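Observations on the three-dimensional arrangement
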Amino acid sequence: MSDTDKLLFTPELISDAIAQLTTVHDWLRFAVTKLSQAEVYLGHGTDNPWDEAANLLTYVLHLPPLTDEKLFNTKLIHAEREAFISLLQQRIEQRIPAAYLTQQAYFADLAFYVDERVLVPRSPIAELITNKFMFQLNGKAPKQILDLCTGSGCIAIACAYAFADAEVDAVDISEDALDVAQYNIQNHDLEHRVYPILSDGYQALAGAKYDLIVTNPPYVDAEDMADLPDEYRHEPELGLASGHDGLALTRRILRDAAAHLHDDGLLICEVGNSMVQLQQDYPDVGFDWLEFAHGGLGVFAIGKAELERCQHLFKE
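Residues numbered from 1 in each chain as written. Predicted model: local features only at pLDDT ≥ 70, side-chain atom pairs only at ≥ 80, totals over all residues. Heavy atoms only, no water.

Topic: the pairing of strand 6 (residues 210-215)
- Extensive coverage of strand 6 is indicated by the burial of six of its six residues.
- Both strand 3 (residues 144-148) and strand 6 contribute to a ladder of four bridges, which runs parallel. Bridge pairing links Asp 147 to Val 214 in strand 6.
- Of the pairings in the sheet, the one linking strand 6 to strand 7 (residues 261-270) comprises five bridges and is parallel in character. Residue pairing across strands places Tyr 210 opposite Leu 261, the latter belonging to strand 7. (Buried < 20%, exposed > 50% of the residue type's maximum accessible area, 1.4 Å probe, protein only. Helix = DSSP H or I, 4+ residues; strand = E, 2+ residues; numbered from the N terminus. Pairing = 2+ DSSP bridges.)

Brief notes about the layout of surface pockets
- Of the voids in this model, the second largest pocket is the one considered here, and its volume is about 240 Å³.
- Contributing to the lining of the second largest pocket are 14 residues, with Leu 137, Lys 140, Asp 211, Asp 264 and Gly 265 lying nearest its centre.
- For the lining of the second largest pocket, the elements supplying multiple residues, two or more each, are helix 8 (134-137), strand 7 and helix 14 (304-310).
- At four residues, the largest contribution of residues to the lining of the second largest pocket is made by strand 7. (1 Å grid on protein atoms, 1.4 Å probe; cavity = no way out; pocket = protein on both sides within 12 Å on 5 of 7 lines; lining within 4 Å. Points joined across faces, edges and corners; volume = space filled by probe spheres on them.)

Thoughts on the sheet that holds strand 9 (residues 299-303)
- Strand order in the open sheet formed by seven strands is 5-4-3-6-7-9-8, with mixed pairing between adjacent strands. If you trace the sheet from one side to the other, it starts and ends with strand 5 (194-198) and strand 8 (288-289), each paired once.
- Looking at chain direction, strand 7 and strand 9 are connected through five bridges and run antiparallel. Each bridged residue has a counterpart across the sheet, and for Cys 269 the counterpart in strand 9 is Phe 300.

Details of the packing of aromatic side chains
- Applying the stated rule across the entire model yields ten aromatic pairs.
- When the centroid spacing of 5.5 Å and the interplanar angle of 80° are considered together, the rings of Trp 27 and Phe 30 count as edge-to-face. Of this pair, Trp 27 and Phe 30 both sit in helix 3 (residues 24-38), three residues apart, roughly one helical turn.
- On the accessibility criterion, Trp 27 (0% relative accessible area) is buried.
- On the accessibility criterion, Phe 30 (6% relative accessible area) is buried.
- With a centroid separation of 5.0 Å and 70° between ring planes, the pair formed by Tyr 282 and Phe 314 is classed as edge-to-face. (Phe/Tyr/Trp six-rings, centres within 6.5 Å; stacked < 30°, edge-to-face > 60°.)

Considerations on the side chain of Ser 174
- Topologically, Ser 174 is positioned in the loop between strand 4 (167-172) and helix 10 (175-187).
- There is a polar contact of 3.3 Å between the side chain of Ser 174 and the backbone nitrogen of Asp 176.
- Among residues more than four places away in sequence, those in contact with Ser 174 are Leu 198 and Leu 238. (Polar contact = N/O pair within 3.5 Å; in protein donor to acceptor, adjacent residues only side chain to side chain. Contact = heavy atoms within 4.5 Å.)

So, in structure tokens, the structure goes:
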């Protein structure tokens, strides 16, 4: 915590704020000012201080997202004001992402429980799922889906909603992450179609084949790991770091994916900023880099035939 952050919440200011700020709009304005002054990093579900503040405030007030301006003039009771300013202090002074403070994040318009055992869901793959991979699958509905590196289970669960007849394996190397995924699976009443599996990559999946593999693996390189904003230090390193160039796990995924895909199967994989390194390393591989209407990059699609053709290139 910097000296500047300490000055943002003096006992006098907290007392004055609780006494003088009464409405939802008052507190949102105050929070946006403080978040902006503190220059917090926004990248865990929101991209502006207003939405970040709104997420914290709706949690305290047990309200849905603030889409109705009539709510702005409603008043907070004293206990609600204290609870909100306490959360705001933690967000700023400890640099804890809002999703960990509220233990809730949204992905593909679905709510998920999250804590520091898993990454905060934020993948652009959500847009693909919402669109049922229309342009990648040509309208075909997959029956067997694998979510590799499932974390909170958000991709697996969202895929189960998108494809009502599909069964989804939700795989992760972390027992802690799978505990969170299991909680979310139960919370969405999908135990009969989404199955958490402990596995290092494909190791526990011998003989299993899928129509669709979706994966958001760790892809941060060593240089970027050293320079991450403080907010990312609250996330499990296991879910972020992937060797010196960010592609250690991605190479394994590419090398072995064909063996776990049906003949017309497809792999969708996110590599974020490591897409530059991947393109440089494998210029002859036919990666189909996907575009997003709502922002996002570094996600490719590749079919089984192309994976088999290039399999020798992905040797570690």
